[in-house]
Amino acid sequence: MIRRNRAPRYSAAALLWRGARNDSWPRVWRDPALKKSYDVVVVGGGVHGLATAYYLAANHGIKNVAVLDKAYLGSGGSGRNTAIVRSNYLTPEGVAFYDRSLDLYNTMSADLNLNVMFSERGHLTLAHTDSAVRTMRWRAEVNKLQNIDSSVIGPDEIKKIAPSLDTSPNTRYPILAALYHPPGGTIRHDAVVWAYARAADAYGVDMHQKTEVVDVVCEGGDGPDGKGPGAKVTGVRTSKGDISTPVVINCTAGWASLIAAMAGIQLPITTHPLQAAVTEPVKVFLPTVVVSGSLHVYVSQTDRGELVFGASVDPFATYDMRGTLDFTEELAGHVLELMPAVSQMRLLRQWAGLCDITPDYSPVMGFTPVEGFLCDVGWGTYGFKAGPVSGEQMAKCVADQATPDLISPFALSRFDDGVLVGEKGAAAVGH
Ligand code: PYC
């Protein structure tokens, strides 16, 4: 449990005055000097990296930890996602894992003493074809066996939950059914970053922003520079200096395969952009999260009234995060098929993030063939949902020097062993 925030209360005028003068704001976390050595170095200052650092300190007393980010905390997928959380996955392994994350999200405001605005508003995945209905039934059965509240409902019930949806049979893609998952919802993504960062800082974890990892230093491996399988990590080189450490955890998204390659590890990942957009705010009318796989769109309404949309990943591999007109046009067309009433709303902004996609749409977690080099990567479009449980389990993995049961299905070795965890069928939209 972290310290209670005892910051003084200010009037609106005093806040404006302090803001305008830009002085004497207390720092929310420190800006420490880079130490020459750490017990653990976490690469990536998003929810996964910060949660890992926090749980290392809070659950296991491992506090000599650095989190390195080449930009600012939350600048990657953690600040670019559509803030949706759920646990209605397709495989028993996936369901158990994401459900633990939902538990941690549920109590996060109290646990970390910061209002992360978790809104358990329910999650509807629409089915417009017979095969989609079959997949929803399959997911509902897997979910129920794990005690997850998830069931298939018909158009009348869907209309009651989300009256703005066009559930008539006369549309181009009539809504036949939906997978309804009441525990799903949304949570304020940047608040999650701040909550973990502040809590980790309170335990003495050092967070270094604008500190890029340029190499992972290894010895004893068969590859060039002593890297690759059989090697052992001894440190990292960064844009701000060298650090010696026996443990490096790769918690990056977008650049996960590049960081792994620095240790001589090849990851089965391709990186695609995923675009999202937000409208102007209007009166709140959409009480739940709505996803349509066939129409490649998901939407929720923020407490301020904006509609937040996401789509499929772009169908090409790149690190480019520019928005495209194709996305905007297709999104608008598909949204209007679902909710014709929003035709007059204005889109304010669009952006993109990077998704690292593995062949089975499940992550790569835990130990690798390089001693001391661990991965928490390959999240595709599921990364934000998994942040808390990933941090908790990666911290346990390091502290116990053993792979926890909850993440053992996601080992890198599954691609050699052929034991895949196919989660493509649980994606919000077709990719
Ligand atoms: O799988 O629920 C999902 C999702 C939402 C946004 C990206 N993926």
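As a reminder, the structure under discussion sits directly above these lines.
Residues numbered from 1 in each chain as written. Predicted model: local features only at pLDDT ≥ 70, side-chain atom pairs only at ≥ 80, totals over all residues. Heavy atoms only, no water.

A. Up close: the overall build of the protein chain. Helix and strand counts for the protein chain come out as 11 helices and 19 strands. A compact globule built from 431 residues would reach a C-alpha radius of gyration of about 22 Å, and the protein chain, at 22 Å, matches this within 12%. Each of the three principal axes of the protein chain carries a C-alpha extent, and together these read 65 × 65 × 40 Å. Classification of the 431 residues of the protein chain by burial places 55% in the buried group. Contacts in the protein chain between residues at least 24 apart in sequence constitute 76% of all its contacts with a sequence separation of at least 6. Accessible surface computed for the protein chain: about 18700 Å², of which carbon and sulfur atoms make up 53%. (Helix = DSSP H or I, 4+ residues; strand = E, 2+ residues; numbered from the N terminus. Rg over C-alpha atoms; globule rule 2.2 N^0.38 Å. Buried < 20%, exposed > 50% of the residue type's maximum accessible area, 1.4 Å probe, protein only. Contact = heavy atoms within 4.5 Å. Areas by Shrake-Rupley, 256 points an atom, 1.4 Å probe, with all protein chains shown as cover.)

B. The sheet that holds strand E2 (residues 65-68), seen in detail. Here we have 6 strands laid out as an open sheet, ordered E8-E2-E1-E12-E19-E18, and mixed in their pairing. In the strand order of this sheet, the two ends are held by strand E8 (206-208) and strand E18 (364-367), each with one partner. The average angle at which neighbouring strand axes cross in this sheet is 20°, direction not considered. Pairing analysis gives 3 bridges linking strand E12 (residues 248-250) to strand E19 (residues 373-377), with the strands arranged parallel. Bridging across to E19, Val248 finds its partner in Phe373. Those strands touched by helix H2 (residues 47-60) are strand E1 (40-43), E2, E8, E12 and E19, and its axis lies near 175° from that of E2. (Pairing = 2+ DSSP bridges. Axes fitted to C-alpha atoms, helices over the stretch in contact; angles between N-to-C directions.)

C. A look at the packing of helix H3 (residues 92-106) against helix H10 (residues 383-400). Look at H3 against H10: their axes get within 8 Å of each other, and the N-to-C directions meet at 90°. Of the possible angle classes, the one that applies to H3 and H10 is roughly perpendicular. Of the residues in H10, those in contact with Phe97, Tyr98, Arg100, Ser101, Leu104 and Tyr105 of H3 are Phe384, Lys385, Ala386, Gly387, Pro388, Val389, Ser390 and Glu392. Its residues assigned to classes, the contact of H3 with H10 shows 8 nonpolar, 3 polar and 3 charged. (Parallel < 35°, antiparallel > 145°, perpendicular 65-115°, else oblique. Nonpolar A, V, L, I, M, F, W, Y, C, P; charged D, E, K, R; others polar.)

D. Local environment of the site of the ligand. All residues adjacent to the ligand are Thr82, Ile84, Arg86, Tyr298, Thr381, Tyr382, Lys385 and Ala428. A distance of 2.6 Å separates an oxygen atom of the ligand from a polar side-chain atom of Arg86. A distance of 3.0 Å is found between a nitrogen atom of the ligand and a backbone nitrogen or oxygen belonging to Thr381. Relative to its unbound accessible surface of 240 Å², the ligand loses 96% to contact with the protein. Here the shell around the ligand is built from residues that sort into 4 nonpolar, 2 polar and 2 charged. (Near = heavy atom within 4 Å. Polar contact = N/O pair within 3.5 Å; in protein donor to acceptor, adjacent residues only side chain to side chain.)

Nothing here speaks to function; it is geometry throughout.
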